[in-house]
Amino acid sequence: MIQIRRSPLKKTAKKKPEDKQTSSEDIPLSKQLNESLDFFKSLYKDSSDVMFRSFLIGDRDASIIYIEGLSDVEKLDEFVLNKLMNKNEIDMTNLVSSLKNSLPISNLRNITTYKQCIEDIANGNPVLLIDGYEAAYSLGLVKFEKRAIEEPAAESGIRGPREGFTESLGVNTALVRRIIKDPALKMKPLHVGTYTKTKVVVSYIEGLVDSTLLEEIENRINRIEIDGILESGYIEEFIEDHPYSPFPQVLYSERPDVVSANLLEGRTIIMIDGTPFALIAPVSFFSLFQSQEDYYERFWIGTFIRMLRFLFLAVSLFLPSIYVAITTFHQEMIPTDLLLSIASSREGVPFPAIVEAIMMEFAFEALREAGVRLPKQIGSAVSIVGALVIGQAAVEAGIVSAPMVIVVSITGIASFLIPRYSIGLAIRLLRFPIIILAGFLGLIGVMLAFIILLIHLANLKSFGLPYLSPISTTQKNALRDTIIRSPLWKMDVRPQLTGNVDLTRQGSHLKPNVDQGPGEGGS
Amino acid sequence: MLEKGRISTLQMEFIIVPAVLATSILSIPAITGRLARHDMWMTPIIGSITGFLIVFIIWKLHQFYPKMTPVQYMEEIIGKIAGRAFGFSLILVFLHRTGISVRDYSDFLTSNVMLHTPELVFTISMIFVCALAARGGIEVIARTAVICTALFMGTAIVLLLLIKDIDITYMLPIFENGVLPVLKGGFINHSWFTDFFFLGFIFPFLNNQEKGLKAGMRSSFVVMFIFVYLNFFVLTLIGISCINQFYPVYAIVRAISVFEFFENFEVLVTASWVLGNFVKFSFFLYVISLSLGQLFRLSDFRILVFPMGLLLMFFGYWDLPNLVASRKYLAQIHPFVMTFFQFLLPLFLLMIAIFRKKWREKRR
């Protein structure tokens, strides 16, 4: 059977269905205020949160439309209504220019169509309509309740900045811009979602990023036709290269420093309004094992912890299956004393090792899920009860063996060692088929599972970047920032991603050398 | 072009080394030891001359026809009909020798690791996995090979734990029976080194064509080094009695015991050896499917991978009733078949190619 996967791009995107609300609105505003107001009132009927405020500027009718809670009403009163209602300040003969000069608002824009009006109102900009003019003013007085910048909950660390992204896109872009000040940092806005009209920003550093990659990402995002975007995961699933793979092909982060580091490596960031998680693309398998603190602490410890992560990746993926394989098929492999103690603890257990392992893994997964989803107070109770029931009562009752409990708990701990949650999820899923293979074919089954996994990973690409690069593609300096973390002064070049871009990151010979003296160091 | 992928020279080395090594290390000193006795450690050095020669021949042919695989340039060199006939028989030989290697692999597992599992289970599962990789093309094979080979070769280090047990005197006296036995043993080794002929199927897909020769020579040297390394440990540990073992290398790995704790490395070594075999079989299966696709001018070789995998299985079980017969074949028939198809054939091709070029220049 031959399966030909079409790239997401090749699917010809259907024309966007014009929904009834936005169909007739791309028409210019009416000169008559009454007409415009009637239109907006019929549009926003049964919407108690949309406010209309009519008043007079001099002798002209005017009206302000805004949404309650999205706009700064205090400032609207003080800087707009107060000024406009004061006849002395407004020169009626030249209303346009005097408006521009009398309203102390930095973000004041002229808009001419109904569509733009609706967009601005929805974004929280009050819209000022004046009788006799075909243009309206959008007043940049957005203010809505948002979460303050807090420490990122999903990616905490000991050393390093403690700011995390929030749900507000404006704050997030500002956090990145505050780190990378060069104008080469670009932020391209896109809009996705027929109803949510979510703002999506594609951010990159010009000159470091492959332009075809950028084009591809934009094309893939533009192709999305969905009613709403609620989280970065929505975008992620639509732009992946291999939609059926369990492995994440896009990374997410809620740390501005991680995002900036990836920007500096020539990757593209997709920031989505309404979620603190920004997407990073393209990524390789090995970048899923990097954490920001590898770079903030000394490189020895960074290297050690990286290796530890790879070791425990293998543990969390294969330990239960290796245990099943060894106890079922290869008892001779275990040293005699250990074999005796395992055998004695398995003596009364009524299940074969494979059933035991699958049972325990399921129980562990259930416990973990219960702990995450429940309210905190109940969650801890669940984990205590679960740990007691599974860990002790089951062993004492002779239903499961103690070594199996140890194996499952080590596996659980190992899966927490991987800094990216999304790859941990993939590994949790893959553990089960591997246990089954090990139960049938022993260690050979485990090896076959490993090979199949490897073939899958070798087939994967993230936006054209081979998933196993740079090690499997044997690029120059492949080991420098993958399994080991070499000192910063040695990482002269950026990782090779797709395309031909300048990879020089810093000057060479930056290794600190006291003997040379300060003047000669950086030649 | 059936294959659009490009791989690096390092990836090429990671493919070709296990392709030569993986199954031959099973039987290595057992066959050569029978001929060369305690001089067996020298036989790979003799055999590797072939390796270097073949790499050079294939490289020269590659320079004449830089974008073609051997099956393709064979038609250019010796004409359409003869070229296709030889190409087809070459594919049959590949099928046969790969089938026998897969058989060797399954034989080993069923007689050493999992005694109660039917042999066919290992054959089918391995061929299925290899077919998955072969369908991905040379790039996927190369990427998996890097990691598999690294793990496979890495476990060779455990033999160093045997250093405390070796006895160098087993190697003496050198050349007790003259040079001839060593040359005979070298001939067996030579048949394994002819596998470097498969480089001809990688050279056209290198992204850095100039470095191909050097990388090929280097991998030939690596293979020789590992053969000598294994021969040395087998000889100094169990002496000439290794010729009575079916799997001498496995036997010495089982003997590793340090502090009563670092034991039972044989399972670890076997597991990593499975990875090496996977690289070998997937690459050979890929070469078979690709060359058949090129021979019959197909637009895609992928449809051939699974049928060829099935054929491999049949070739492995056909006419080889048991391990003894397979060993006899490896010692007595295999070297000559390999010499003809993987050494003399490319040599003749090169000579004709050079002759034709000279003749063409003369006519001009």
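My aim in this report is to walk through the structure given alongside it, one point at a time.

Calculation criteria
- Residues numbered from 1 in each chain as written.
- Chains lettered and ligands numbered in written order.
- Predicted model: local features only at pLDDT ≥ 70, side-chain atom pairs only at ≥ 80, totals over all residues.
- Heavy atoms only, no water.
- Pairing = 2+ DSSP bridges.
- Helix = DSSP H or I, 4+ residues; strand = E, 2+ residues; numbered from the N terminus.
- Salt bridge = Lys/Arg side-chain N within 4 Å of Asp/Glu carboxyl O.
- Buried < 20%, exposed > 50% of the residue type's maximum accessible area, 1.4 Å probe, protein only.
- Contact = heavy atoms within 4.5 Å.
- Buried area = accessible area lost by both parts, 1.4 Å probe.
- Polar contact = N/O pair within 3.5 Å; in protein donor to acceptor, adjacent residues only side chain to side chain.
- Nonpolar A, V, L, I, M, F, W, Y, C, P; charged D, E, K, R; others polar.
- Disulfide = S-S within 2.5 Å.
- Axes fitted to C-alpha atoms, helices over the stretch in contact; angles between N-to-C directions.

1. Side note on the pairing of strand β6 (residues 185-192) of chain A
Residues and elements named next belong to chain A.
- The pairing of β6 with strand β7 (residues 198-205) spans eight bridges and is antiparallel. Residue Pro189 lies in a different strand from β7, and its bridge partner there is Val201.
- In this structure, the hairpin formed by β6 and β7 is closed by a connection of five residues, where Gly193 is found at a positive phi of approximately 105°.

2. A few points about the pattern of salt bridges
- The tally for this structure, following the rule as stated, stands at 33 salt bridges over all chains.
- Here Asp294(A) and Arg306(A) are joined by a salt bridge, their closest N and O atoms 2.9 Å apart. Residue Asp294(A) is located in helix α9 (residues 292-296), and its partner Arg306(A) is located in helix α10 (residues 299-328); the two are separated by 12 residues in the primary sequence.
- For Asp294(A), a relative accessible area of 3% corresponds to the buried category.
- The shortest N-O distance in the salt bridge between Arg297(B) and Glu75(B) comes to 2.8 Å. With Arg297(B) in the loop between α11 (265-295) and α12 (302-317) and Glu75(B) in helix α4 (residues 70-78), the pair connects residues that are 222 residues apart, well separated along the chain.
- Three or more residues joined by partner-sharing salt bridges are found here, namely Glu361(A), Glu365(A), Arg368(A), Arg428(A) and Arg431(A).

3. Notes on the environment of Pro276(A)
- Checked against the element boundaries, Pro276(A) lands in the loop between β9 (268-272) and β10 (278-281).
- Sequence separation of Pro276(A) and Glu240(A) is 36 residues, and the distance between their C-alpha atoms is 20 Å.

4. Some remarks on the interface of chain B and chain A
- If you look at the interface, chain B gives 33 residues, while chain A gives 29 residues.
- Taken together, the two surfaces of chain B and chain A that pack against each other cover about 2,600 Å², and 77% of this comes from carbon and sulfur.
- Applying the counting criterion to the chain B and chain A interface returns three residue pairs in polar contact (both at pLDDT 80 or more).
- Going through the elements one at a time, α1 (9-21), α5 (80-113), α6 (119-135), α7 (137-154) and α11 of chain B are the ones with two or more residues in the side of chain B that touches chain A.
- Ranked by residues supplied to the side of chain B that touches chain A, first place goes to α7(B) with nine residues.
- Of the residues assigned to the side of chain B that touches chain A, the class counts are 23 nonpolar, seven polar and three charged.

5. Regarding the state of the cysteines
Residues and elements named next belong to chain B.
- Summed over all chains, the structure comprises zero disulfides over all chains.
- Cys148 provides the cysteine sulfur closest to Cys130, a residue in no disulfide bond, and the two sulfurs are 9.7 Å apart.
- On the basis of relative accessible area, Cys130 is assigned to the buried category, the value being 1%.
- Note on Cys148: relative accessible area 0%, which makes it buried.

6. Quick word on the sheet that holds strand β2 (residues 60-67) of chain A
All names here are of chain A.
- Here five strands make up an open sheet; going across it, the order is β1-β2-β4-β5-β3 and the pairing antiparallel. Each edge of the open sheet carries a strand with a single partner, namely β1 (50-57) and β3 (108-111). The sheet shows a mean angle of 25° between the axes of neighbouring strands, direction not considered.
- Relative to strand β4 (residues 127-130), β2 is paired through four bridges, and the arrangement is antiparallel. Its bridge partner lying in β4, Ile64 is registered against Leu128.

7. As for the sheet that holds β9(A)
Residues and elements named next belong to chain A.
- Strand order in the open sheet made by the five strands is β6-β7-β9-β10-β8, with antiparallel pairing throughout. Of all the strands in the sheet, the pair left with one neighbour each is β6 and β8 (251-253). Pairwise comparison of adjacent strand axes, ignoring direction, gives a mean angle of 25° for this sheet.
- Of the pairings in the sheet, the one linking β7 to β9 comprises four bridges and is antiparallel in character. If you follow Val200 over to β9, its bridge partner there is Ile272.

Purely spatial values, then, with no claim about function.
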